[in-house]
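Understanding the architecture of this molecule
Each chain, written out:
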Amino acid sequence: MTEFLAPALEGADKQGRVAANGLELAWEQFGDDRDPALILIMGLGTQLTGWPDAFCRALADTGLRVIRFDNRDIGLSTKLRTATRHDGPRAAFFKSLLGREIDAPYTLEDMAVDTVGLMDGLGIARAHLVGASMGGMIAQLVAALYPERVQTLTSIMSTSGARRLPRGRLKTLLRLAKAPRSRDPDAIARHMAVTMRMIGSPRYGRSLADWTSEIRRNVARSYYPAGTRRQMLAVMAAASRTDLLGGIRQPALVIHGAADPLLPVKHGRSTAEHLSDARYEEFPGMGHDLPPRLLPRFVELIGELVHGESESAGRAR
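Residues numbered from 1 in each chain as written. Predicted model: local features only at pLDDT ≥ 70, side-chain atom pairs only at ≥ 80, totals over all residues. Heavy atoms only, no water.

This paragraph deals with the overall build of the chain. Per the secondary structure count, the chain includes eleven helices and eight strands. Of all 317 residues assigned to the chain, the portion counted as buried reaches 55%. Here the contacts in the chain between residues at least 6 apart in sequence split such that 75% fall between residues at least 24 apart. Looking at the chain as shown, the accessible area adds up to about 13,800 Å², and 50% of this sits on carbon and sulfur atoms. (Helix = DSSP H or I, 4+ residues; strand = E, 2+ residues; numbered from the N terminus. Buried < 20%, exposed > 50% of the residue type's maximum accessible area, 1.4 Å probe, protein only. Contact = heavy atoms within 4.5 Å. Areas by Shrake-Rupley, 256 points an atom, 1.4 Å probe, with all protein chains shown as cover.)

Pasting the structure below:
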């Protein structure tokens, strides 16, 4: 893991918790309050630390106020403990095959409202949104449902939710929902590292030792598998967003890996095809992760989108 964008970092410039949609969301910021805001929305069961410090810093160095946060039910944000029974991942998978309604405790639309609430709490009127996987789905919904709040949209290794797209393998989905039997932090880290090796990039993939080391640090920060399962139900219960994507007018960037085993590459292509103003970038050998060696290129692409849009808006005024 020597391909990071910057030398060793000491973390974010600011951090805190903000009230949003009846919850408290933990957030961190890189960069200056006076710069245009860029909000990073992470994927299923992944804390804000899933966005590498160096990636956040490199984006901030282009002149952006970069904010990453923990979604509900994960990290240091509010955990929605409930005694109400909902579908399990296996039952939800088979219900989705049959077109039956999935009983989920909350929806991706609820999580989109969380993001808008985060913006309100931080005093951000409009922002550039970057979402990965489930975070890309949430970012799409914010752009579609709250267009006045979004300047640009970047959707990474995500999907339009179109119903005829190829599905990830049941084995992989169940692996994401499965928690290790042991509560030992090292055992948890090894279990999750094996999962990331399963879905990660075959060409750019990190070693099992690298993943284990990174995940061990995240487990020390927070570990809450029940939240991951509830987020998975929200994803599986989500409706197709193809019609909503067609109504998005903001400039967009879609990034996807040609070797993604969880959301096969047709998901990324479908997302781009349904957006009215999208640039599509496909990376051979990229799976369902953020390979360190590709992050400099991601920063370039996001910077071109964000700053190009800002310059156009300035000329229009």
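Turning next to the environment of Arg 197. As for its position among the elements, Arg 197 is in helix H6 (residues 185-199). Within the local environment of Arg 197, its side chain forms a polar contact with the backbone oxygen of Arg 206, the two atoms lying 2.8 Å apart. (Polar contact = N/O pair within 3.5 Å; in protein donor to acceptor, adjacent residues only side chain to side chain.)

Within the secondary structure layout, Glu 281 lies in strand S8 (residues 278-283). Within polar-contact distance, the side chain of Glu 281 engages the side chain of Arg 279 at 2.9 Å. Once you skip the residues sitting within four places of it in the chain, Glu 281 turns out to touch Leu 253, Val 254, Ile 255, His 256, Arg 297 and Leu 301.

This part takes up the packing of H6 against helix H7 (residues 208-221). Two numbers describe how H6 lies on H7: the axes approach to 8 Å, and their chain directions differ by 125°. Accordingly, the angle class assigned to the pair H6 and H7 is oblique. Note that H6 runs across H7; the crossing there is right-handed. From H6, Pro 185, Asp 186, Ile 188, Ala 189, Arg 190, Met 192, Ala 193, Val 194, Met 196 and Arg 197 reach across to H7, where they touch Leu 208, Trp 211, Thr 212, Ile 215, Arg 216 and Val 219. For the contact of H6 with H7, the per-class residue count stands at eleven nonpolar, one polar and four charged. (Axes fitted to C-alpha atoms, helices over the stretch in contact; angles between N-to-C directions. Parallel < 35°, antiparallel > 145°, perpendicular 65-115°, else oblique. Left-handed = near helix turned anticlockwise from the far one by under 90°. Nonpolar A, V, L, I, M, F, W, Y, C, P; charged D, E, K, R; others polar.)

Another point: the pairing of strand S6 (residues 150-156). Most of S6 is tucked away, with seven of its seven residues classed as buried. Inspection of the sheet shows strand S5 (residues 127-132) paired to S6 by five bridges, in the parallel sense. Within the sheet, the bridge partner assigned to Leu 129 lies in S6 and is Leu 153. Crossover S5 to S6 through helix H4 (residues 134-145) is right-handed. (Pairing = 2+ DSSP bridges. Right-handed = clockwise from strand over helix to strand, strands pointing away.)

On to the environment of Leu 295. Note on placement: Leu 295 falls in helix H11 (residues 295-316). Look at Leu 295 and you get buried, because its relative accessible area is 1%. Taking the C-alpha atoms as reference points, Leu 295 and Ala 58, 237 residues apart in sequence, are found 9.4 Å from one another.

On to a nonpolar patch on the surface. Residues Val 194, Met 198 and Leu 208 make up a contiguous nonpolar surface patch of roughly 220 Å² in combined accessible area. When its relative accessible area of 35% is taken as the criterion, Val 194 is described as partly exposed. (Patch = residues over 30% accessible without salt bridge, like charges linked within 9 Å, V, L, I, M, F, W, Y side chains within 5 Å. Salt bridge = Lys/Arg side-chain N within 4 Å of Asp/Glu carboxyl O.)

Glancing now at the sheet that holds S6. Spatially, the eight strands line up as an open sheet ordered S1-S2-S4-S3-S5-S6-S7-S8, and their pairing is mixed. Of all the strands in the sheet, just strand S1 (14-20) and S8 have a single pairing partner and so form its edges. Adjacent strand axes in the sheet meet at a mean angle of 20°, parallel and antiparallel pairs treated alike. Bridge count between S1 and strand S2 (residues 23-30): seven bridges; the pairing is antiparallel. In the sheet register, Gln 15 faces S2, and the bridge partner there is Glu 28. Each of S2, strand S3 (37-41) and strand S4 (65-69) touches helix H1 (residues 53-60); the most contacted strand, S4, lies at about 150° to it. Those strands touched by helix H3 (residues 108-121) are S1, S2, S3, S4 and S5, and its axis lies near 115° from that of S1.

Our next topic: the environment of Asp 32. For Asp 32, the position within the fold is in the loop between S2 and S3. Classification of Asp 32 by relative accessible area gives partly exposed; the value is 28%. Considering only alpha carbons, one finds Asp 32 and Ala 60, 28 residues apart in sequence, at a separation of 8.0 Å. The contacts of Asp 32, once residues within four sequence positions are left out, are Leu 64 and Arg 65.

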